[in-house]
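# Descriptive structure summary
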Amino acid sequence: MTDRSLTLMAVHAHPDDEATSTGGILARYAAEGVTTVLVTCTDGGCGDGPGGIKPGDPGHDPKAVVEMRRAELAASCEALKVTHLETLDYGDSGMMGWATNDAPGAFWNTPVAEAAGRLAELIRRYRPDVVVSYDENGFYGHPDHIQAHRITMAAVEQTGIPAKVYWTTVPRSAFQQFGTVMREIGVEFPEPEATDEMPALGLPDDEITTWVDTSGYGGQKFASLAAHASQAENIFFLRLGQERFTELMGMETFVRVRDTTGAATPEDDLFAGLR
């Protein structure tokens, strides 16, 4: 152990991604004195515009959306007390199969080695003990999430610095509860099934290595998500209200894919073995 502060780095694809799956850990570990670093890979330009205007529809101005979402991201980081925000500002690639996948400057269209090199520079600068990102399917198949996974794992390999690396996930047992709650607020939420194109979402409970209780930071997590107000139509969980949201989203779960500490699993702390 050293006297320096422990450091957590979360690598996400878009403004607002930090809130749902890692808002709790960012808030909790910041409160515990851990240095928190959020890396956001894209500019969010394929998000909704003011009034819910969709990409490609008349009046959708990607440049204006980028500026709006940059301000929202800053407000989210303030809610979570993130120590450092780093934005790579690649173009938002949109959903898989959109023409924007192939646009110049789109994250999905960027060589992995190039983007991984930039992330590796940040890893060398901040020297995170723990890095968190997505699994190889980007959790649900979004091209920018998949690319974030690829560059994260490449940058970790290049640097060898993080002691532990995690991928975000959701326990399969939670999907039924999610479905029940979503239907209560009028949102259809079928339990996900695996297909040839899309692996099943989440993991069986016994394959999840790390369960972090973040229920004490539900207010901050809710405020972080609410900061992304321009995307509210797509952020179903805001409709729950803070108390119900915290009940549903107060446990953040991960699978550990790199470890140099020998900490036993299942674990309840990303920094198990480091403090």
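For the structure itself, look to the data block above.
Worth saying up front: this structure is predicted, and the values here are computed from it rather than measured. Along every chain, residues carry numbers that run from 1 in the direction the sequence is written. The predicted nature of this model means local features are confined to residues of pLDDT at least 70 and side-chain atom pairs, given and counted, to a pLDDT of 80 or more, with totals for whole chains, interfaces and linings taken over all residues. Note: side-chain values were computed over all heavy atoms of the structure, leaving out hydrogens and water.

### So, the side chain of Glu18
What counts, and what does not: Numbered from the N terminus, helices here are DSSP runs of H or I no shorter than four residues, and strands are runs of E no shorter than two. The rule is simple: take the accessible area with a 1.4 Å probe, protein chains only, and divide by the maximum for that residue type; under 20% is buried, over 50% is exposed, in between is partly exposed. Charge convention: Lys and Arg are scored as positive, Asp and Glu as negative, and His as well as the terminal groups of each chain are ignored. The salt bridge criterion pairs a side-chain nitrogen of Lys or Arg with a carboxyl oxygen of Asp or Glu, the two atoms within 4 Å. Whenever a nitrogen or oxygen atom comes within 3.5 Å of another N or O atom, the pair is scored as a polar contact, on the condition that within protein one atom can donate a hydrogen and the other can accept it, and that pairs from neighbouring residues in sequence are kept only if both atoms are in side chains. Residues count as neighbours in contact if any of their non-hydrogen atoms are within 4.5 Å of one another.
Considering the arrangement of structural elements, one finds Glu18 in helix H1 (residues 17-31). No salt bridge is formed by the buried Glu18; the nearest opposite charge belongs to Arg69, separated by 7.5 Å. Looking at Glu18, its side chain comes within polar contact range of the main-chain nitrogen of Asp16, at 3.0 Å. Apart from the residues within four sequence positions on either side, Glu18 is in contact with His12, Gly23, Leu26, Leu38, Leu73, Ser76, Leu80, Ser224 and His228.

### Comments concerning the packing of H1 against helix H6 (residues 218-227)
What counts is decided by this rule: Axes here mean lines fitted to C-alpha atoms, for a helix over just the part in contact, with angles spanning 0 to 180 degrees between N-to-C directions. Geometric relationships in this document are graded by angle, where less than 35 degrees denotes roughly parallel, more than 145 denotes roughly antiparallel, 65 to 115 denotes roughly perpendicular, and other angles denote oblique. Left-handed describes a crossing whose near helix is turned anticlockwise from the far helix through less than a right angle; right-handed describes the clockwise counterpart. Side-chain classes are defined by residue name, with Ala, Val, Leu, Ile, Met, Phe, Trp, Tyr, Cys and Pro counting as nonpolar, Asp, Glu, Lys and Arg as charged, and the others, Gly among them, as polar.
The interhelical angle for the contact between H1 and H6, taken along N-to-C directions, is 140°, at an axis separation of 9 Å. Comparing the axis directions of H1 and H6 gives the class oblique. Here H1 and H6 pass one another in a crossing that is right-handed. Across the interface between the two elements, Glu18, Ala19, Thr20, Gly23, Gly24 and Ala27 of H1 pack against Gln220, Lys221, Ser224 and Leu225 of H6. Per-class residue counts for the contact of H1 with H6 are three nonpolar, five polar and two charged.

### Regarding the packing of aromatic side chains
The relation between two aromatic rings is expressed through the spacing of the ring centres and the mutual angle of the planes. Basically, it comes down to this: Put simply, two rings from Phe, Tyr or Trp (the six-membered ring, in Trp's case) pair if the centres are within 6.5 Å, and we call them stacked under 30 degrees between planes, edge-to-face over 60, tilted for the rest.
Enumeration according to the criterion identifies four aromatic pairs in this entry. Aromatic pair Phe222 and Phe245: ring centres 5.3 Å apart, planes at 70°, arrangement edge-to-face. In this pair, Phe222 sits in helix H6 while Phe245 sits in helix H7 (residues 242-249), placing the two residues 23 residues apart along the sequence. Here Phe222 matches Phe245 in class, with each residue buried.

### Digging into the pairing of strand E2 (residues 35-42)
The side chains of a regular strand alternate, residue by residue, between the two faces of the sheet. What counts here: Between any two strands, at least two bridges found by DSSP are needed for them to pair. With the strands aimed away from the viewer, a crossover counts as right-handed if its path from the first strand over the helix to the second runs clockwise.
In terms of burial, E2 is largely enclosed, as eight of its eight residues are buried. As defined by bridge partners, strand E1 (residues 7-12) adjoins E2 across six bridges and the pair is classed as parallel. By the bridge assignment for E2, Val11 is matched with Val39. This β-α-β element, E1 to H1 to E2, shows right-handed connectivity. One ladder, built from five bridges, connects E2 with strand E3 (residues 84-90); its direction is parallel. Directly across from Thr42, in E3, lies its bridge partner Tyr90. Handedness of the β-α-β unit built from E2, helix H2 (residues 62-80) and E3 comes out right-handed.

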